[in-house]
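Listed below, chain by chain, are the residues.
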Amino acid sequence: MRQGEKSRGSTGVGRASKREARTAWLFLAPGLALFVLFVLVPVVAALYLSLCRYDIIHSPVWVGARNYARIGEDLSNHGVFYLSLRNTAQYALGTVPVGMALALGLALLVNAGLRGISVHRTTYYLPVVTSLVAISMVWMWLYDPSYGLLNYGLELLSRAVSFVTGHKVMIPPQTWLGNPGQAMAAIVVMSIWRGLGYNMVIYLAGLQGIPEHLYEAALIDGASRWQRFRAITWPLLKPTTAFILVTSVIGASQVFAQVYVMTNGGPNNSTTTIVHQIFQNAFSFLKMGYASAMAFVLFVIIFALSLITLRLTRGGQVEYA
Amino acid sequence: MRLGIARKTLLHLLLAIGGVAMILPFLWMVSTSLKPEREIFHYPPVWLPSAWQWGNYGRAMESAAFGQYFINTTIYATMVTVANLLLCSMAAYAFARLRFRGRDTLFVLVLGTMMIPAQVTMVPVFIMLKRCPLVGGNDWLGMGGHGLLNTYPGLILPAAVGAFGIFLLRQFFMTLPRELEDAARIDGCSEAGIYWRIILPLSKPALATLGIFTFTAAWNEFLWPLLITSKDSMRTLQLGLQVFQSQYTTRWDLLMAGTVVVTLPVLIIFLAGQRYFTRGIAMSGIKG
């Protein structure tokens, strides 16, 4: 690892800077080589493959834009890829706004500077570190139609409502993951639960970056709690919000593991997502070309969404003097 | 902000109620893993097992090669972590401390790779590993065998360096004072020596953060091992757990025992190194 430890004998500036540059490239070489091999070359290869028919057994056959045309057909016929786009959008719309609002609320509560607050912080962060596969299995068990804790919760709820209102109320047990109308919502709830702590910690870092004297000045001016939030906290958190929004949207558009484990896209394709379709087409149906074209569609979507969110959240940056 | 006792209690209560909702799935997982079978399929649910069935764990471990999965995952996660710490810190050192033409452009390019979703590159990388010449029964054209599929290098190499790690360490290196380095240079220390004996020891907190992040991410990784390994002897814990689940769909006692075993190591790492987690996220959040 260590290169020869020669002293910088020569005094020539040009020579020294040349040596510095050479050292720099030596330090960069292993990392850059891996980037070229596992990112750059594959991206170009994926673009080429997306213009081919390829089943990994026979050599690729050039088909031009036919894979993209098939995606277009699928979209206009409301085929499976269309469904996967729709489901992914539903997942994003379900997880991102609610998840962010909850995370901000939590961060505000946790930031209040109470003693013993770190216990809560740890609790809310716990699901973040556990694996999606493991946690998906736990939630499958919670969602179990016959013996799951959730349906039991519904029964307890019905009893409580009946007791309070005096009328017999009965919420029937649900099939959750087995119901095309509920499966995606069930996955969304699990995913919000898992991601909450992560965004909470980022919001917390943002909150701790807001100078305390602004709040003190606002208090002297007699600003209410809500006014302080509106005029100080929210605007100064804008970069944090933008960051969380962009990363959450990107993450949501790549949702895969929980879908693969909990429903494998079913029932009736009601939970299949873009990445699930890419995976299935590439590795189950061996349509590597078609899958690569889908991957590029995903790439374009992610790129566009990132640009739009950044543009939207950049407007109206606040200066505080 | 000063809060009254009543407010404080209310706040704690509110957070605690939410906290129970966060913890409940974990408690239910542990409770189920220790139940006799008839108490699993019982309605209304039984909260605590009447007799704690520690044998469920043994039975789960015997039903699949969890020992092998554990070894595979440990090797995979450890090697990925070591590789990332070394390669990211070397690149970060060059970006933070050395001058060369095109440095800033190159840095932006490296960061730009974070925009590329892994799903775009996964098919070509899979093909490249399968067609890697002269290994795994392949001829020099990469035909005939399985290449690097079902091997440790196939699992590890594509994850051995990351733009995020380079970014994180570079930001940290930039904050280190230059005096020590300059003194070392005057004493005739080489750049490699400065990197190894000055920068790295001063950067232990940042390295710990990156290390813990990389390790848990690799430990929990699912998609990549799913593509690269098909042999049972090469599976990681996450993959093994998923296959186990597809075979024993209704044995919730064994499934939850397996889940506890897979989850426990990262939970321990998290509880031990908590401050590194939160600091790492905070660093990425603020600079992002």
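Residues numbered from 1 in each chain as written. Chains lettered and ligands numbered in written order. Predicted model: local features only at pLDDT ≥ 70, side-chain atom pairs only at ≥ 80, totals over all residues.

(A) Geometry of the overall build of chain B. Per the secondary structure count, chain B includes 15 helices and zero strands. For chain B, whose C-alpha radius of gyration is 24 Å, the value lies well above the compact-globule estimate of 19 Å for 288 residues. Structurally, chain B occupies a C-alpha span of about 75 × 75 × 35 Å along its principal axes. A total of 288 residues make up chain B; the buried ones form 42% of that total. (Helix = DSSP H or I, 4+ residues; strand = E, 2+ residues; numbered from the N terminus. Rg over C-alpha atoms; globule rule 2.2 N^0.38 Å. Buried ≥ 20, exposed ≤ 12 C-beta atoms within 10 Å, placed from the backbone.)

(B) Representation of the overall build of chain A. Counting its secondary structure elements, chain A contains 13 helices and two strands. What you see for chain A is a C-alpha radius of gyration of 26 Å, clearly larger than the 20 Å of a compact globule of 321 residues, by over 25%. Structurally, chain A occupies a C-alpha span of about 90 × 70 × 40 Å along its principal axes.

(C) Summary view of the packing of helix 1 (residues 5–33) of chain B against helix 14 (residues 252–272) of chain B. Residues and elements named next belong to chain B. For the pair helix 1 and helix 14, the least separation of the axes is 7 Å and the interaxial angle reads 125°. Classified by the angle their axes make, helix 1 and helix 14 are oblique. In this structure, the crossing between helix 1 and helix 14 has a hand that is left-handed. Here Met-29, Val-30, Thr-32 and Ser-33 of helix 1 come into contact with helix 14, specifically with Trp-252, Asp-253, Met-256, Ala-257, Thr-259 and Val-260. (Axes fitted to C-alpha atoms, helices over the stretch in contact; angles between N-to-C directions. Parallel < 35°, antiparallel > 145°, perpendicular 65-115°, else oblique. Left-handed = near helix turned anticlockwise from the far one by under 90°. Contact = placed C-beta atoms within 7 Å.)

(D) Main features of the interface of chain B and chain A. Taken together, the contact between chain B and chain A spans 76 residues of the former and 74 residues of the latter. With twelve residues, the top contributor of residues to the side of chain B that touches chain A is helix 1 of chain B. Split into classes, the residues belonging to the side of chain B that touches chain A amount to 52 nonpolar, 20 polar and four charged. (Nonpolar A, V, L, I, M, F, W, Y, C, P; charged D, E, K, R; others polar.)

(E) Focus on the nonpolar core. One finds A:Met200, A:Met294, B:Ala91 and B:Val123 to be the most contacted residues of the largest nonpolar core, which totals 147 residues. In terms of residues, this core owes the most to one element, helix 4 (residues 66–97) of chain B, which gives 15 residues. Those residues in contact with B:Val123 that sit more than four places away from it in its chain are A:Ala46, A:Leu49, A:Ala282, A:Met288, A:Ala291, A:Ser292 and A:Ala295. (Core = buried A, V, L, I, M, F, W, Y, C linked by C-beta atoms within 7 Å.)

(F) Examining the confidence of the model for chain B more closely. Residues and elements named next belong to chain B. Looking at chain B, pLDDT values average 88 and 96% of them are 70 or higher. When mean pLDDT is compared element by element in chain B, helix 4 scores highest at 95, while helix 15 (residues 274–287) scores lowest at 65. Here the prediction assigns the complex a pTM of 0.88, and the interface score ipTM is 0.87. (pLDDT = per-residue confidence, 0-100.)

(G) Region of interest: the environment of A:Leu142. Position of A:Leu142 among the secondary structure elements: in helix 5 (residues 132–142). A count of 22 C-beta atoms within 10 Å places A:Leu142 in the buried class.

(H) Quick look at unusual backbone geometry. At the junction of A:Gly266 and A:Pro267, the peptide bond is cis and its omega measures out at -10° in the coordinates. At A:Trp176, a position not held by glycine, the phi torsion is positive, near 50°. Look at B:Asn150: it is not a glycine, yet its phi comes out positive at around 60°. Inspection of the secondary structure puts B:Asn150 in the loop between helix 6 (118–130) and helix 7 (152–156).

(I) Quick look at helix 8 (residues 212–220) of chain A. Across the nine residues of helix 8 of chain A, zero count as buried, placing the element largely on the outside. Phi turns positive one or two residues past the end of helix 8 of chain A, at A:Gly222, with a value near 80°.

(J) Examining helix 8 (residues 163–175) of chain B more closely. The terminal C-alpha atoms of helix 8 of chain B lie 19 Å apart, and with 13 residues this matches the ideal 18 Å at 1.5 Å per residue to within 8%. For helix 8 of chain B, every residue scored as buried is listed here: B:Ala163, B:Gly165, B:Ile166, B:Phe167, B:Leu168, B:Leu169, B:Arg170, B:Phe172 and B:Phe173. (Expected span 1.5 Å × (residues − 1).)

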